[in-house]
Structures are given as structure tokens and as C-alpha cells.
Amino acid sequence: DIGMSGWMADFGEYLPVDCVLYSGEDPALVHNRWPAIWAQLNREAICERGAEAEVFFFTRVGHTGTIAHSDMMWTGDQHVDWSVDDGLPSVIPATLSLAMSGFPIAHSDVGGYTTILHMRRSRELLMRWAEMNAFSPLFRSHEGNQPARNVQFDDNAGLLAHMARCTAMHAALKEYLLACEKEACEAGVPMMRPLFYHYDEAPLYTEKSEYLLGRELLVAPVLAEGAAQRVCLLPQDRWIHLFTGQEYAGGRVTVAAPMGFLPVFVRAQSPWCERLRALKIFKGKREDAEDEP
């Protein structure tokens, strides 16, 4: 009644093991089920209001019962940095781990969340994170736990233009993302998938810096500060760069990655290939190259 159409169902994991539950159960035994109960509570609130078709929420903690009630997961509170353990690069293995654990729809905070000690979110980090999340189920930014120490999406015209471009890319993928979501809901197939999900090739089983968005798109985000290119590992197939139209076979290839044009490839034999490549947002070259971070 206050106008909410969705929310982040944060927390849900902190059941004290020395509390007294109304049910009389041992809280130490209920602890792991508590995230699922929390998700169920959110679902019941929506159903009691009769708003199932209008409202959604996402959660950060889970148990075997969570997926029955939660629409989507997110990968928690990453650091606002480039660290492999909990920064931008950590999002991909976290998401793919969720995918292979029965949670088919997940995303992350654009720009990360946690600022501690010397950390400060840079302009470049926010822009690269936005690029990546444009090719994910949900595009959502966060100001972070210390907004004044973090670059924000509207700090200057260049940032605002970049975020607008990433938003437009995400919106342009709507039809494709809805098809992936339908598959996730009906068959449990994750929207973001490890490369080995469709390709049984030894190097792909340890690849954690790329992912498949649905069956047809391979996304290789820029995960290193100051990088303007990256080495991409492509499965044995025919791939077309979504932005340049250049075709690649499988193997390792070095691909230019100027800001706003991350390496994204569509399967040449995909029924979506021409439809995605025809979208205006994926055509042309960036003209404000001097505005790089």
C-alpha cells in the first residue's frame, strides 16, 4: 500500500543459536533453514496482498528451500575494488557457483558495496562493473556503505553517459533475457552458466572469468584495472563479436576492450545471432575515447 514494487530481502542468516523459538525447536538445528523461512515470509507477504504479478524481491542467503520462494539471488557485499577474493572478479565464480547449486537467476551490485580501510570505488571500476552487469539478469547499482568515499553514477557527464549506455544495452537485451528467464523457470537452467555447461572441453572446467548468458552469448568482462584488452577463452565453436562483427573460432584470442565495448560474442549458428547484431546499441564505435578513466 505504500507503493513498493520490489525490494532487497537482505540478511536472513543471523539466527542466534541461543535464542528461544516459538516452535520449541533447537535453534542450532533451525539455523540453516532460517534463510528459506525468511524467503518464504517475503513470498507470503506478496501473496497475501495479491501482488504476485506486480512485485518481486531478491535474497542474498539460501538453503535448499530458498529457491521455492525467492525470485532471484544476488552475490552479497563485494568490495569496491579489483581483488579476486571479494572484488569485481569474484562476482563471476560466485554467480556460477549459485547457478550450479540450483539458483538459476542471480546478479551483483554494480560497483560493489563494501568500503573499508583504504578502499575507494574508482570511476573505472564502476564503469567496468556496469558493462558486465548490462549482460546479466538484473542491472542495478548501489551507492555503497560509504557513499561519500565512492564514485557515483552521476558524478560527471562522462560517467552518466556511460551508465546510460549500459542501461540501454541491458534494455536492448530484454527479449533475449526473458527467453532465458523462461527457460530458467521452466527447466531450472541457469541464466548465467559456466562455459563447460555446453562445451565438454578440459580448459573450460577451470575458467572463472567468463560466462555464458543463456546458450547464445559469451561474456568476457574486463576484470583488471587499466586494461584495454583481454585474453578470451572461446569454446570450439564459431563466435561473432557482438560489437565489431569479427568472427572467431575456438581457443585463446586477444581482443581489444575499450571502455563501453567489452568482449561479448554470439554463437554464429544461433537463431538469435542476426537479431542481436541488428540492435542499434551494439553498432558503431565510441567517439569520446579521450574520456577514458
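What you are looking at is a predicted structure, and each value in this text was computed from that prediction instead of being measured. (Residues numbered from 1 in each chain as written. Predicted model: local features only at pLDDT ≥ 70, side-chain atom pairs only at ≥ 80, totals over all residues. Heavy atoms only, no water.)

Before going further, it helps to examine helix α4 (residues 123-134). The first and last C-alpha atoms of α4 sit 17 Å apart over 12 residues, in line with the 16 Å expected at 1.5 Å per residue. Summarising burial for α4: 12 of the 12 residues are buried, a large majority. All of the buried residues in α4 are Arg123, Glu124, Leu125, Leu126, Met127, Arg128, Trp129, Ala130, Glu131, Met132, Asn133 and Ala134. (Helix = DSSP H or I, 4+ residues; strand = E, 2+ residues; numbered from the N terminus. Expected span 1.5 Å × (residues − 1). Buried < 20%, exposed > 50% of the residue type's maximum accessible area, 1.4 Å probe, protein only.)

Quick look at the packing of aromatic side chains now. Applying the stated criterion to the full structure yields 11 aromatic pairs. Residues Phe243 and Phe261 carry aromatic rings whose centres are separated by 5.3 Å and whose planes lie at 75° to one another, so their mutual orientation is edge-to-face. Remark: Phe261 occurs in the loop between β11 (251-256) and β12 (264-267) and Phe243 occurs in the loop between β9 (239-241) and β10 (247-248); sequence separation between them is 18 residues. Comparing Phe243 with Phe261, the two get one shared label, buried. Arranged with centres 5.6 Å apart and planes meeting at 75°, the rings of Phe243 and Phe282 form a pair that is edge-to-face. Of this pair, Phe243 sits in the loop between β9 and β10 while Phe282 sits in the segment after α7 (273-277), and the two are 39 residues apart along the sequence. A single burial state applies to Phe243 and to Phe282, both of which are buried. (Phe/Tyr/Trp six-rings, centres within 6.5 Å; stacked < 30°, edge-to-face > 60°.)

Take the sheet that holds strand β1 (residues 6-9) next. Strand order across the open sheet formed by 4 strands is β1-β2-β3-β4, with parallel pairing between neighbours. Looking at strand neighbours, the two that pair on one side only are β1 and β4 (106-107), the edges of this open sheet. Pairing of β1 with strand β2 (residues 56-59) involves 4 bridges; the strand directions are parallel. Residue pairing for β2: Trp7 is matched across the bridge by Phe57. Along the sheet face, helix α2 (residues 34-48) touches β1 and β2 and points at about 175° away from the line of β2. (Pairing = 2+ DSSP bridges. Contact = heavy atoms within 4.5 Å. Axes fitted to C-alpha atoms, helices over the stretch in contact; angles between N-to-C directions.)

Another point: the side chain of Thr66. Tracing the sequence through the fold places Thr66 in the loop between β2 and β3 (72-74). Take Thr66: its relative accessible area is 0%, and that puts it in the buried class. Here the side chain of Thr66 touches His63 through a polar contact of 2.8 Å, landing on its backbone nitrogen. Non-local contacts of Thr66, meaning those with residues more than four positions away in its chain, are made with Pro35, Ala36, Ala39, Thr59, Val61, Met73 and Phe103. (Polar contact = N/O pair within 3.5 Å; in protein donor to acceptor, adjacent residues only side chain to side chain.)

The next thing to look at is the nonpolar core. Membership of the largest hydrophobic core comes to 52 residues, with the highest contact counts inside it found for Phe135, Tyr211, Leu213, Leu217, Phe243, Val264 and Leu276. Looking at this core element by element, the count peaks at 7 residues for α4. Counting 14 residues, the second largest nonpolar core, distinct from the first, contains Leu195, Leu212, Leu234 and Trp239. (Core = buried A, V, L, I, M, F, W, Y, C linked by side-chain atoms within 4.5 Å.)

The next subject is unusual backbone geometry. Peptide bonds are mostly trans, and most non-glycine residues show a negative phi. A positive phi angle, close to 60°, is found at Phe11, a residue other than glycine. You can call Phe11 partly exposed: its relative accessible area is 43%. One non-glycine residue, Leu117, lies in the positive phi region at around 50°. By the element assignment, Leu117 lies in the loop between β4 and α4. Its relative accessible area of 69% is what places Leu117 among the exposed residues.

Interaxial distance between α4 and helix α5 (residues 157-172) falls to 8 Å at its minimum, and their mutual angle equals 10°. By the angle between their directions, the pair α4 and α5 is classed as roughly parallel. Here Arg123, Leu126, Met127, Ala130, Glu131, Asn133 and Ala134 of α4 lie close against α5, whose contacting residues are Gly158, Leu159, His162, Met163, Cys166, Met169 and His170. For the contact of α4 with α5, a count of residues per class yields 8 nonpolar, 4 polar and 2 charged. (Parallel < 35°, antiparallel > 145°, perpendicular 65-115°, else oblique. Nonpolar A, V, L, I, M, F, W, Y, C, P; charged D, E, K, R; others polar.)

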